[in-house]
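# Inside the fold
Below are the chains, spelled out letter by letter.
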Amino acid sequence: MNVSTIPPGPTSNNESTPCCIVGGGPAGAVLALLLARRGVRVTLLEMHKDFDREFRGDTIHPSILEILDQIGLAEKLHEIPHTKVTGPTLQFADGPFRPFDLTRLKTRFPYILMIPQVRFLEFITSEAAKYPQFRLVMQAQVQHLIEENGVVRGVRYLGVDGEHELPATLTIGADGRFSMVRRLAGFEPIKTAPPMDVLWFRLPKLPDEPPVVGGAFGGIGRGRIFILLERNEYWQAGLVFPKGKYQEVRAQGIEAVRKSLAETEPRFAKHAESLTDWQQMNLLSVESSRCPVWHKPGLLMIGDAAHVMSPVGGVGINYAIQDAVVAANVLAEPLKSGSVSEGHLAEVQRQREFPTRVIQGMQKLMQERLLARALQSQERAGVPWQLKLFVKIPFLRDLPCNLIAFGIRRVRLTET
Ligand SMILES: Cc1cc2nc3c(=O)[nH]c(=O)nc-3n(C[C@H](O)[C@H](O)[C@H](O)COP(=O)(O)OP(=O)(O)OC[C@H]3O[C@@H](n4cnc5c(N)ncnc54)[C@H](O)[C@@H]3O)c2cc1C
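None of these values were measured; they are calculated from a predicted model. (Residues numbered from 1 in each chain as written. Predicted model: local features only at pLDDT ≥ 70, side-chain atom pairs only at ≥ 80, totals over all residues. Heavy atoms only, no water.)

So, on to the side chain of R290. Here R290 lies in strand β19 (residues 288-290). The buried charged residue R290 lacks any salt bridge, with E353 as its nearest oppositely charged partner at 4.2 Å. Of the polar contacts made by the side chain of R290, one reaches the side chain of Q360; its length is 2.9 Å. (Helix = DSSP H or I, 4+ residues; strand = E, 2+ residues; numbered from the N terminus. Buried < 20%, exposed > 50% of the residue type's maximum accessible area, 1.4 Å probe, protein only. Lys, Arg positive; Asp, Glu negative; His and termini not counted. Salt bridge = Lys/Arg side-chain N within 4 Å of Asp/Glu carboxyl O. Polar contact = N/O pair within 3.5 Å; in protein donor to acceptor, adjacent residues only side chain to side chain.)

Right, let's talk about the pattern of salt bridges for a bit. This structure, assessed with the given rule, holds 24 salt bridges. The partner of E66 in a salt bridge is R410, with the nearest N and O atoms 2.9 Å apart. Here R410 lies in the segment after α13 (399-406) and E66 lies in helix α2 (residues 62-70), a separation of 344 residues in the sequence. Assessed through its relative accessible area of 11%, E66 is described here as buried. The class of R410 is partly exposed, set by a relative accessible area of 38%. Put simply, R38, E333 and K336 are held in one network by salt bridges that share partners.

It is worth spelling out α2 at this point. Given 3.6 residues to a turn, an α-helix orients residues that are three or four positions apart in the same direction. For α2, the buried fraction is high: 7 of the 9 residues fall into the buried class. By the burial criterion, the buried members of α2 are P62, S63, I64, L65, E66, I67 and L68. On the buried face of α2, the contacting elements are β4 (59-60), α3 (74-78), β8 (112-114), α4 (117-128), α9 (316-337) and α13. Of the residues one or two after α2, G72 is the one with positive phi, at around 75 degrees. (Contact = heavy atoms within 4.5 Å.)

With respect to the element layout, T356 can be found in helix α10 (residues 342-376). Exposure remark for T356: the relative accessible area of 0% places this residue in the buried category. Once residues within four sequence positions are removed from consideration, T356 is found in contact with R290, W294, H307, M309 and Y319.

The next thing to look at is the nonpolar core. Note on soluble globular proteins: their nonpolar side chains tend to be buried together. Counting 80 residues, the largest nonpolar core has L77, F120, I172 and L331 as the members making the most contacts within it. By residue number, the principal contributor to this core is α9, which donates 12 residues. The residues contacting L77, other than those within four sequence positions of it, are I60, L65, L68, L113, I115, F120 and F123. Among the nonpolar cores identified, the runner-up in size contains 21 residues, and A237, F241, Y246 and V249 belong to it. (Core = buried A, V, L, I, M, F, W, Y, C linked by side-chain atoms within 4.5 Å.)

So, about the sheet that holds β8. Taking strand neighbours across the sheet as the criterion, the 3 strands line up as β4-β8-β5 in an open arrangement whose pairing is antiparallel. Strands with a single pairing partner mark the edges of an open sheet, and in this sheet they are β4 and β5 (83-85). Pairing of β4 with β8 involves 2 bridges; the strand directions are antiparallel. Considered in β8, the bridge of I60 is made with L113. (Pairing = 2+ DSSP bridges.)

This part covers the layout of surface pockets. Taken as a whole, the second largest pocket spans an internal volume of roughly 360 Å³. What lines the second largest pocket is a set of 20 residues, and nearest its centre among them are D58, P116, R202, R231 and Y234. Counting only elements with at least two residues in the lining of the second largest pocket, the list comes to α4 and β17 (234-242). If one sorts the elements of the lining of the second largest pocket by residue count, α4 sits on top with 3 residues. Looking at the lining of the second largest pocket residue by residue, the class counts come to 7 nonpolar, 5 polar and 8 charged. (1 Å grid on protein atoms, 1.4 Å probe; cavity = no way out; pocket = protein on both sides within 12 Å on 5 of 7 lines; lining within 4 Å. Points joined across faces, edges and corners; volume = space filled by probe spheres on them. Nonpolar A, V, L, I, M, F, W, Y, C, P; charged D, E, K, R; others polar.)

Spanning 12 residues, helix α1 (residues 26-37) covers 17 Å between terminal C-alpha atoms, matching the ideal 16 Å at 1.5 Å per step. Taken residue by residue, α1 has P26, A27, G28, A29, V30, L31, A32, L33, L34, L35 and A36 as its buried positions. Buried residues in α1 make contact with β2 (17-22), β3 (42-46), α4, β9 (134-138), β12 (162-173) and α9. Following α1 by one or two positions, G39 adopts a phi angle in the positive range, close to 90 degrees. (Expected span 1.5 Å × (residues − 1).)

Among the structural elements, N149 can be located in the loop between β10 (141-148) and β11 (151-159). Its relative accessible area of 83% is what places N149 among the exposed residues. Remark: the alpha-carbon pair of N149 and P297, spanning 148 residues in sequence, is separated by 9.9 Å.

What follows concerns unusual backbone geometry. Across residues other than glycine, the phi torsion is negative in most instances, and most of the peptide bonds are trans. Phi at Q139 takes a positive value of approximately 55 degrees, unusual for a residue other than glycine. One can find Q139 in the loop between β9 and β10.

Quick look at the pairing of β17 now. Among the 9 residues that make up β17, 8 are buried, leaving the element largely enclosed by the rest of the structure. Here 9 bridges tie strand β14 (residues 196-204) to β17, and the two strands are oriented antiparallel to one another. Counterpart to F201 in the pairing with β17 is A237. In the sheet, strand β16 (residues 225-230) pairs with β17 via 6 bridges, with the strands oriented antiparallel. Paired with I225 across the strands is V240, a residue of β17. Counted along the chain from β16 to the antiparallel partner β17, the turn is 3 residues long.

On to the packing of α1 against α9, then. Where α1 contacts α9, the axes come no closer than 8 Å and their chain directions differ by 30 degrees. Taken as axis vectors, α1 and α9 run roughly parallel relative to one another. Relative to α9, α1 is oriented so that their crossing is right-handed. Of the residues in α9, those in contact with P26, A27, V30, L31, L34 and L35 of α1 are I317, A320, I321, A324, V325, A327, A328, A332 and L335. Looking at the contact of α1 with α9, its residues break down into 15 nonpolar, no polar and no charged. (Axes fitted to C-alpha atoms, helices over the stretch in contact; angles between N-to-C directions. Parallel < 35°, antiparallel > 145°, perpendicular 65-115°, else oblique. Left-handed = near helix turned anticlockwise from the far one by under 90°.)

Below, the structure is given as structure tokens:
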């Protein structure tokens, strides 16, 4: 891979780049690939030494598969061991219920592909490394923006061998929910507080156990919601509980988690016995936020840096990559000709902000109307009437599928 070797020194001035992308997550890695294949020189800076991310989301939605198909990479991605989710089976007090079924979608890829995020990012960056325009620097932690007269002109980062300066015509902040670039640029996101948090953990697969219909299971228990996603060698499990109650959940002890899971779905009682230590759990403090402005001269933010999505529908990766696709569509030619204006940056926000607002609005509705009530109730809930209504009306029935798979409109690469 084209990982940079930068000469050692406390501060070295490296060659400048037309485009410096901060953050090798889904948004930054995909944007780097798309720009490099369009002939734009791009440097991707990632602060970690590898792409290993436990429980950062492993979902590749149909819209992303269609885009990878446009550039001839979808089939190759499918060669990586994966599972497929076509829709959850939710277990309510009055029986199982399937709120949506992605197999109804009109697409070559009517499913969510579950691939460890580390494999996905390695795949994308190794494809990008086939282009001489791509340069990846691992263990490069951006700490400062270079600014001249209100214009961002690149970054300073701490590498393994000291501090470096990377002058750039355009800097992209794709450094995730705790974005340093966002903070350095002075952008303040508007936050909303979704009413829940999630603990993620693994459960073992038992010999010869049957798959769950649709590849995903959701169970509404007494004040708890369980999610289980089928993976090749394990179950990826999530325990959803009311926001701010983590200490309470812990105080009840891990046996309470095991009991609650077994009550919600007796089929998983045996699996739950493997839970013995809180170290097995990863806490996701659920957040939802959006920056009012995503750009300033010389700088654009995309992905979680611009908008953190609630986990409802698992669309964070999908939306981050869609931002990258739109950014590549709008910026590739201006970057090549050295004529990126603030109008181009505003155009990326214009195309992406509305879909983000719509999906965040729908997530809020779901959280407040359905999830918060289920989490507050000590009774096992029946299927909410709104859900029953949705699946009965043909037009409405396909709406959640389309929203989850594609958002409010399909994003396509304008040049392949
Ligand atoms: C526990 C958990 C579970 C999740 N599950 C799902 C899911 O199932 N499906 C889904 O769609 N989404 C899920 N998400 C959300 C999803 O991870 C994000 O929406 C998505 O990764 C956003 O992509 P991104 O590229 O914008 O940011 P990130 O994926 O956050 O990538 C940002 C990158 O920037 C790097 N970085 C940060 N600061 C610096 C710096 N100063 N210098 C250099 N590099 C830096 C980071 O190391 C990271 O690699 C989950 C999130 C969490 C926390």
